[in-house]
Amino acid sequence: MLFPAGDDESPFEDAPRILLFTGKGGTGKTTCAAATALRAARNGHKTLVLSSDPAHSLADALDQELGPEAQEVHDDLFAQEVDLYYSMQKHWGNMRELMLTVFRWQGIDQIAAEELAALPGMNEGSVLLWLEEALREADYDLIVVDSAPTGETLTLLTLPQVTQWWLAKAFPFQELAVKSLGFGVRKTTGIPLDKGYEELEVIFEKLERVQQVLATPSTTSIRLVTNPEKMVIEEARRAFTYLQLYGYGVDSVIVNRVLPEAKVPENSFFEGYVESQRGYLEEIEQSFRPLPILQVPHLGEEVFGAERLGRVGDAMYSKRAPTDVFYDEPTFTVQEDGDAYVLKLRLTFAAEDDLDVRHLGDQLVVQVANQRSNVLLPNFLNYYRMTNTTLDEGWLRVRFTPDGASSPA
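For every chain, the first residue of the written sequence is number 1, and numbering continues from 1 onward in sequence order. At least 70 in pLDDT is required for a residue's local features to be given in this predicted model, at least 80 for side-chain atom pairs to be given and counted, and no such filter applies to totals for whole chains, interfaces and linings, which use all residues. Side-chain numbers here rest on the full set of heavy atoms in the structure, without hydrogens or water.

1. Side note on the sheet that holds strand E10 (residues 340-346)
Read across the sheet, four strands follow the order E9-E10-E15-E14 without closing on themselves; strand pairing throughout is antiparallel. Each edge of the sheet is formed by a strand with only one pairing partner; in this case those strands are strand E9 (332-337) and strand E14 (384-392). Averaged over all pairs of adjacent strands, the angle between strand axes in this sheet comes to 20 degrees, irrespective of strand direction. DSSP-based pairing: two strands are paired if at least 2 bridges between them are found. Every helix listed is a DSSP run of H or I at least four residues long, and every strand listed is a run of E at least two residues long, numbered separately from the N terminus. All axes here are fitted lines through C-alpha atoms, helices being fitted over the stretch that makes contact, and every angle between N-to-C directions spans 0 to 180 degrees.

Shown next, in the form of structure tokens:
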């Protein structure tokens, strides 16, 4: 794969099951995450639901006041809303002082140093550090992460690589030099520069261990929450593309707020909406096949509190156990092949005679008989062109070469 997936070995012994919910803001992912956590707790699993969404709507969904540390809200159910300022004091306070000291040595003025001392992705990093703490304590059977909207979730999942790059730029000298120089600074000024650097190394080790757990499909599943609406579906498809590229296991798509057709009278205001919804539901089935599609009907009322969340959980999972892995096979990969890339797409039941593939802009249009699917491509493939396709053992292979390059014979 272009980006390495996690293996089946977790760096934490007896790691709990992790479910991460993401999707476009406003789709109801917090509701789905809270309903999942409540259902699992009622099934006897000690569960933590942790919100990293800055909107902090988890407390509203649970109809409970929440704090920056985990607290029990129902039998076997604990909840926590990550507070950036609280987390900065707990996890990043010494790091900030370290950064300020280094930037001052480099001649950067005070205001610019204050701005630069905020590590990129600090909020997302705080979420990972809280998650690492819960994993290390091994006190839960299930951890449900109500993640921020899609873009922030992708930042969260790629954070260790980004911050390691940033750290190399912030410290343009050797680790040994930092520690040796830092020891002298601590002796003369009292600023624990060398200790701060060691603490920073520990934090990055924690981030990397958590990322390894998140990229282990047997432990962690990502569930995409969408609505039967055009723009929401587009964002879900793009998120699915990049999650697959980074090697994260998406095991289902949850379609929230589906208006039940049987409850809509003829010639009513909602009749047109139901008709368009029907088309969008078909599009979701085609776009995300073979992932399971879980539907949640619109309750016709605001969803908060245990009773209504229970109804959402029952509708979403029916007879399924929310802790199960619903799908664990990759459906989409990109591999390097010399100066070209080969995209592989799972088409289990397709026949070559029924297959038509076209590259249009940032999309791959795949038609099998009378069924069409539009696959959103990674942005970098805009600089390449499709040169050939093959179908082999249920996988469509599409080769992309740089513009101007010829296809191999």
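2. Here we look at the pairing of E10
Among the seven residues in E10, seven count as buried, and that is most of the element. Sheet topology places E9 next to E10; six bridges connect them, and they run antiparallel. In the strand pairing of E10, Thr 333 is matched with Lys 344. Taking the residues that link successive antiparallel strands as the turn, the E9-E10 hairpin has two residues, and the phi of Gly 338 there is positive, at about 65 degrees. Sheet topology note: the E10/strand E15 (residues 395-402) ladder contains six bridges and is antiparallel. Residue pairing for E15: Arg 346 is matched across the bridge by Trp 395. Note on exposure labels: buried denotes an accessible area under 20% of the residue type's maximum, exposed denotes more than 50%, and partly exposed covers the range between, all computed with a 1.4 Å probe on protein chains only.

3. Structural notes on the nonpolar core
The term nonpolar core refers to a set of buried residues drawn from Ala, Val, Leu, Ile, Met, Phe, Trp, Tyr and Cys, joined through side-chain atoms within 4.5 Å. Ile 18, Leu 135, Ile 143, Leu 214, Leu 224 and Phe 288 are the most contacted members of the largest nonpolar core, which totals 45 residues. Working rule for contacts: check all heavy atoms of both residues, and any pair within 4.5 Å makes them a contact. Not counting the four nearest positions on each side in its chain, Leu 224 is found in contact with Thr 22, Ala 236, Ala 239, Phe 240, Leu 243, Val 250, Ser 252, Val 253, Ile 254 and Phe 288. Within the second largest apolar cluster, 30 residues are counted, among which are Val 49, Ala 79, Leu 294 and Leu 309.

4. Comments concerning the side chain of Arg 346
Looking at the element boundaries, Arg 346 is found in strand E10. Within 3.5 Å is the distance limit for a polar contact, defined as a pair of N or O atoms, with the added protein rule that one can donate a hydrogen and the other accept it, and that residues adjacent in sequence qualify only through two side-chain atoms. At 3.4 Å, the side chain of Arg 346 and the side chain of Glu 329 are in polar contact. Each residue touching Arg 346, except ones within four places of it in the same chain, is listed here: Glu 329, Pro 330, Thr 331, Glu 393, Gly 394 and Trp 395.

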